[in-house]
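# Fold and geometry: a report
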Amino acid sequence: MSDQCIFCKIANGMIPSATLYEDEEFRVILDLNPAARGHALILPKEHAANIYELSEHAASEVFVLAKKMAAKMTDALHCDGFNILQNNGEVAGQTVFHFHMHLIPRYESDQVSIGWKPGETTQEELNDLVKLIRGE
Ligand code: 5GP
Ligand code: ZN
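Attention in this report is confined to the structure presented alongside it.

### Quick look at the sheet that holds strand S2 (residues 26–30)
One open sheet accounts for five strands, arranged S1-S2-S3-S5-S4; its pairing is antiparallel. A strand with exactly one partner marks an edge of an open sheet, and here the two such strands are strand S1 (19–22) and strand S4 (81–85). On average, each strand axis in the sheet is inclined to that of its neighbour by 15°, with strand direction left out of account. Where S4 and strand S5 (residues 101–106) come together, five bridges link them in antiparallel fashion. The residue of S5 that forms the bridge with leucine 85 is histidine 102.

### A word on the site of ligand 1
Every one of the 16 residues lining ligand 1 counts as a neighbour, but Asp31, Asn87, Gly93, Thr95 and His102 are closest to it. Within the backbone of leucine 32, one N or O atom sits 3.4 Å away from a nitrogen atom of ligand 1. In the model, an oxygen atom of ligand 1 is placed 2.8 Å from a nitrogen or oxygen of the glycine 93 main chain. Protein contact buries 82% of the 520 Å² of open area that ligand 1 shows by itself. Within the residue set of the shell around ligand 1, elements represented by two or more residues are helix H1 (6–11) and S2. Looking at the shell around ligand 1, the element that brings in the most residues is H1, giving three residues. Here the residues of the shell around ligand 1 are counted per class, giving eight nonpolar, seven polar and one charged.

### Things to note about a nonpolar patch on the surface
Taken together, the side chains of Leu20, Tyr21 and Leu30 define a hydrophobic patch exposed on the protein surface, amounting to about 220 Å² of accessible area. Note on placement: leucine 30 falls in strand S2. The exposure class of leucine 30 is partly exposed, given its relative accessible area of 33%.

### Notes on a negative patch on the surface
There is a patch of like negative charges on the surface, built from Glu24, Glu25, Glu46 and Glu61. Under the relative-accessibility criterion, glutamate 46 is labelled exposed at 61%.

### A look at the coordination of the zinc ion (ligand 2)
Coordination of the zinc ion (ligand 2) by the protein involves Cys5 (SG), Cys8 (SG), His47 (ND1) and His98 (ND1), with metal-donor separations of 2.0 to 2.3 Å. Coordination at the zinc ion (ligand 2) is tetrahedral: its four donor atoms span angles of 103 to 117° at the metal. When the donors of the zinc ion (ligand 2) are listed by position in the chain, the intervening gaps give C-x2-C-x38-H-x50-H. With cysteine 8 in helix H1 and histidine 47 in the loop between strand S3 (40–44) and helix H2 (56–77), this residue pair connects regions lying 39 residues apart in the sequence. Classification of cysteine 8 as buried rests on a relative accessible area of 0%.

### Some remarks on the environment of methionine 14
Inspection of the secondary structure puts methionine 14 in the loop between H1 and S1. Between the alpha carbons of methionine 14 and alanine 48 there is a distance of 18 Å; along the sequence they are 34 residues apart. Residues within four places of methionine 14 in sequence aside, it is in contact with Met1 and Lys9.

### Some remarks on the pairing of S2
Counting buried positions along S2 yields four of five residues, so the element is predominantly enclosed. Sheet topology note: the S1/S2 ladder contains three bridges and is antiparallel. Note on S2: the bridge partner recorded for tyrosine 21 is valine 28. The turn joining S1 and S2, which pair antiparallel and follow one another in sequence, is formed by three residues. Bridge count between S2 and S3: five bridges; the pairing is antiparallel. Considered in S3, the bridge of valine 28 is made with isoleucine 42.

Calculation criteria
Residues numbered from 1 in each chain as written. Chains lettered and ligands numbered in written order. Predicted model: local features only at pLDDT ≥ 70, side-chain atom pairs only at ≥ 80, totals over all residues. Heavy atoms only, no water. Pairing = 2+ DSSP bridges. Helix = DSSP H or I, 4+ residues; strand = E, 2+ residues; numbered from the N terminus. Axes fitted to C-alpha atoms, helices over the stretch in contact; angles between N-to-C directions. Near = heavy atom within 4 Å. Polar contact = N/O pair within 3.5 Å; in protein donor to acceptor, adjacent residues only side chain to side chain. Areas by Shrake-Rupley, 256 points an atom, 1.4 Å probe, with all protein chains shown as cover. Nonpolar A, V, L, I, M, F, W, Y, C, P; charged D, E, K, R; others polar. Patch = residues over 30% accessible without salt bridge, like charges linked within 9 Å, V, L, I, M, F, W, Y side chains within 5 Å. Salt bridge = Lys/Arg side-chain N within 4 Å of Asp/Glu carboxyl O. Buried < 20%, exposed > 50% of the residue type's maximum accessible area, 1.4 Å probe, protein only. Lys, Arg positive; Asp, Glu negative; His and termini not counted. Charge placed at Lys NZ, Arg CZ, Asp CG, Glu CD. Donors = N, O, S within 2.8 Å, 3.2 Å for Na, K, Ca; no water. Tetrahedral: all angles 85-135°; square planar, octahedral: opposite > 155°, others 65-115°. Contact = heavy atoms within 4.5 Å.

Given below as structure tokens:
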């Protein structure tokens, strides 16, 4: 746990939070500046700045928990859809450098915008990227 990290303190109960769920490894809290009603965050109790630092064990558990929370929150909130997202690095929108997963209930009339302008590519670029990423 990092002394400097606010999410370490929240996850480990040193700073109070609106907690929806807690177990030995995770705490799920309501976001203080919600994108939509019920916006929540899954915080691992063990510090990892981002997905690159996250242990494989935590990575394997976090989406199972996200699935359970999505079902429970959808039942309770009667939302019409659900976004799950996770930012890594400032350029990707990360502002708190302790891994967290956003659980964002969506409502037909909400004003949430999560998106990008679809780009263009070529078959050649796709082939090059496949080779590059596969390491061939
Ligand atoms: P990021 O931009 O890093 O993916 O998301 C950080 C999220 O944490 C934001 O949605 C922000 O509103 C939320 N947040 C930042 N500080 C606090 C805090 O002290 N308590 C809670 N509950 N949420 C926080
Ligand atoms: Zn931390």
